[in-house]
Amino acid sequence: SAVISQKPSRDICQRGTSLTIQCQVDSQVTMMFWYRQQPGQSLTLIATANQGSEATYESGFVIDKFPISRPNLTFSTLTVSNMSPEDSSIYLCSVRQGSDTQYFGPGTRLTVL
Amino acid sequence: AQSVTQPDIHITVSEGASLELRCNYSYGATPYLFWYVQSPGQGLQLLLKYFSGDTLVQGIKGFEAEFKRSQSSFNLRKPSVHWSDAAEYFCAVGRTGSSGDKLTFGTGTRLAVRP
C-alpha cells in the first residue's frame, strides 16, 4: 500500500488563526480524501480532494472554512481557517488505491486554545 | 443513506481469550466493508476488507471477519488476543459515487486487554 505522511503531526494554535496541513503520498493516486475525528468520536469525511479542480465537500463542511488544494497526484493540503476550540480534532488524509480501498495517513492532532 | 452500528463502545478481554467485535450496517446494495484499527496516537490501519466472494475474509494480525447478508453484519474475530491488540477498532461501509468512494464509519469499539 501507499506510504502516506502528514505534516505537522500535531499543533497547538490560537483561536482565530489558520493552519495548513500537508498530505504527501509516495506514489500517484487517483483519489485523496480528508477526514476529521473529533475527540472520542468516529471519522467524518470532510471532502474529496480532486486533482486540478475544486474539492467536493460533504454536507456541513464549506470551502471557506476548509479550503483544500491538490496540485498533483501525490500531494494535498487542508487548511482549517479562523479556528475555534471546536475545531480541535485529529485530521486525517486518506488515499484510494486499487479496488476501492482507502489507506490513511498518521493524522494531525490539532488543539485550538 | 448508508450507516454503520458498532453496539459495543468498550470491550475488555483477557490475553489469550477469543474476541468478537460486532458491526451492523445499513446499505441499499452489496456493500464494501472494512475493519480498521487505530492504536493510541496513530492513524488508521486496514485490517481486512470484503467486496464480494467468500464471506469469510482473513486479515492481518490474525483477524478474520464474516459477512452475513441476512443479518447485515460484518463481525470481526480473533481466536486469541494479544496485549498489543489493545486499540480502537472501526468498522466502515463504502460506496462508489460520482465523486469517488465514500466511507461511513461506525463509532468504534475500544478494546482493552487484561494481562
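(A) How the structure looks around the overall build of chain B. Tallying secondary structure elements over chain B gives 0 helices and 12 strands in all. Secondary structure of chain B in N-to-C order comes out as β-β-β-β-β-β-β-β-β-β-β-β. The C-alpha atoms of chain B give 14 Å as radius of gyration, which agrees with the globular expectation for 115 residues (13 Å, within 12%). With the C-alpha coordinates aligned to their principal axes, the bounding extent of chain B is approximately 45 × 30 × 25 Å. A total of 115 residues make up chain B; the buried ones form 48% of that total. In chain B, the proportion of contacts linking residues at least 24 apart, taken out of those at least 6 apart, comes to 54%. As displayed, chain B has an accessible area near 5400 Å², and 48% of this comes from carbon and sulfur atoms. A gap of 5 Å separates the mean positions of the 11 positive and 9 negative side-chain charges of chain B.

(B) Seen up close, the pairing of strand 8 (residues 64-68) of chain B. Residue and element names in this part refer to chain B. When strand 7 (residues 56-58) meets strand 8, the two strands line up antiparallel, connected through 3 bridges. Within the sheet, the bridge partner assigned to L56 lies in strand 8 and is E66. Counting the residues between successive antiparallel strands, the hairpin from strand 7 to strand 8 contains 5 residues, one of them, K61, with a positive phi of roughly 60 degrees. When strand 8 meets strand 9 (residues 73-78), the two strands line up antiparallel, connected through 5 bridges. Within strand 9, the position partnered with F67 by the bridge is F74. Count of turn residues in the strand 8/strand 9 antiparallel hairpin: 4 residues, of which S72 carries a positive phi of about 50 degrees.

(C) Inspection of the interface of chain B and chain A at higher detail. At the interface, 21 residues of chain B touch 22 residues of chain A. Carbon and sulfur atoms supply 52% of the area buried between chain B and chain A, which totals about 1700 Å² over both sides. Applying the counting rule to chain B against chain A returns 0 salt bridges. The interface formed by chain B and chain A includes 5 residue pairs in polar contact (both at pLDDT 80 or more). For the side of chain B that touches chain A, the secondary structure elements donating two or more residues are strand 5 (32-38), strand 6 (44-50), strand 10 (87-97) and strand 11 (100-105) of chain B.

(D) Representation of the sheet that holds strand 1 (residues 4-7) of chain A in the model. Residues and elements named next belong to chain A. If you trace the 4 strands from one edge of the open sheet to the other, you get 1-3-8-7, paired in antiparallel fashion. In the strand order of this sheet, the two ends are held by strand 1 and strand 7 (68-72), each with one partner. Averaged over all neighbouring strand pairs, the angle between strand axes comes to 15 degrees, with direction disregarded. Here 6 bridges tie strand 3 (residues 19-25) to strand 8 (residues 75-80), and the two strands are oriented antiparallel to one another. Considered in strand 8, the bridge of Q22 is made with T77.

(E) Expanded view of the state of the cysteines. Residues and elements named next belong to chain A. Applying the stated criterion to the full structure yields 2 disulfides over all chains. Bridging C23 to C93, the disulfide has an S-S length of 1.9 Å. The chirality of the disulfide connecting C23 with C93 is right-handed, given an S-S dihedral of about 65 degrees. With a gap of 70 residues between them, C23 in strand 3 and C93 in strand 9 (residues 89-97) connect regions that are remote in the sequence. Neither residue differs from the other here; C23 and C93 are each classed as buried. Unpaired in this structure, C13 has its nearest cysteine sulfur neighbour in C93, at a distance of 18 Å. Since its relative accessible area comes to 8%, C13 is described here as buried.

Procedures and definitions
Residues numbered from 1 in each chain as written. Chains lettered and ligands numbered in written order. Predicted model: local features only at pLDDT ≥ 70, side-chain atom pairs only at ≥ 80, totals over all residues. Heavy atoms only, no water. Helix = DSSP H or I, 4+ residues; strand = E, 2+ residues; numbered from the N terminus. Rg over C-alpha atoms; globule rule 2.2 N^0.38 Å. Buried < 20%, exposed > 50% of the residue type's maximum accessible area, 1.4 Å probe, protein only. Contact = heavy atoms within 4.5 Å. Areas by Shrake-Rupley, 256 points an atom, 1.4 Å probe, with all protein chains shown as cover. Lys, Arg positive; Asp, Glu negative; His and termini not counted. Charge placed at Lys NZ, Arg CZ, Asp CG, Glu CD. Pairing = 2+ DSSP bridges. Buried area = accessible area lost by both parts, 1.4 Å probe. Salt bridge = Lys/Arg side-chain N within 4 Å of Asp/Glu carboxyl O. Polar contact = N/O pair within 3.5 Å; in protein donor to acceptor, adjacent residues only side chain to side chain. Axes fitted to C-alpha atoms, helices over the stretch in contact; angles between N-to-C directions. Disulfide = S-S within 2.5 Å.

So, to be careful, I would describe these as geometric facts and stop short of saying anything about function.
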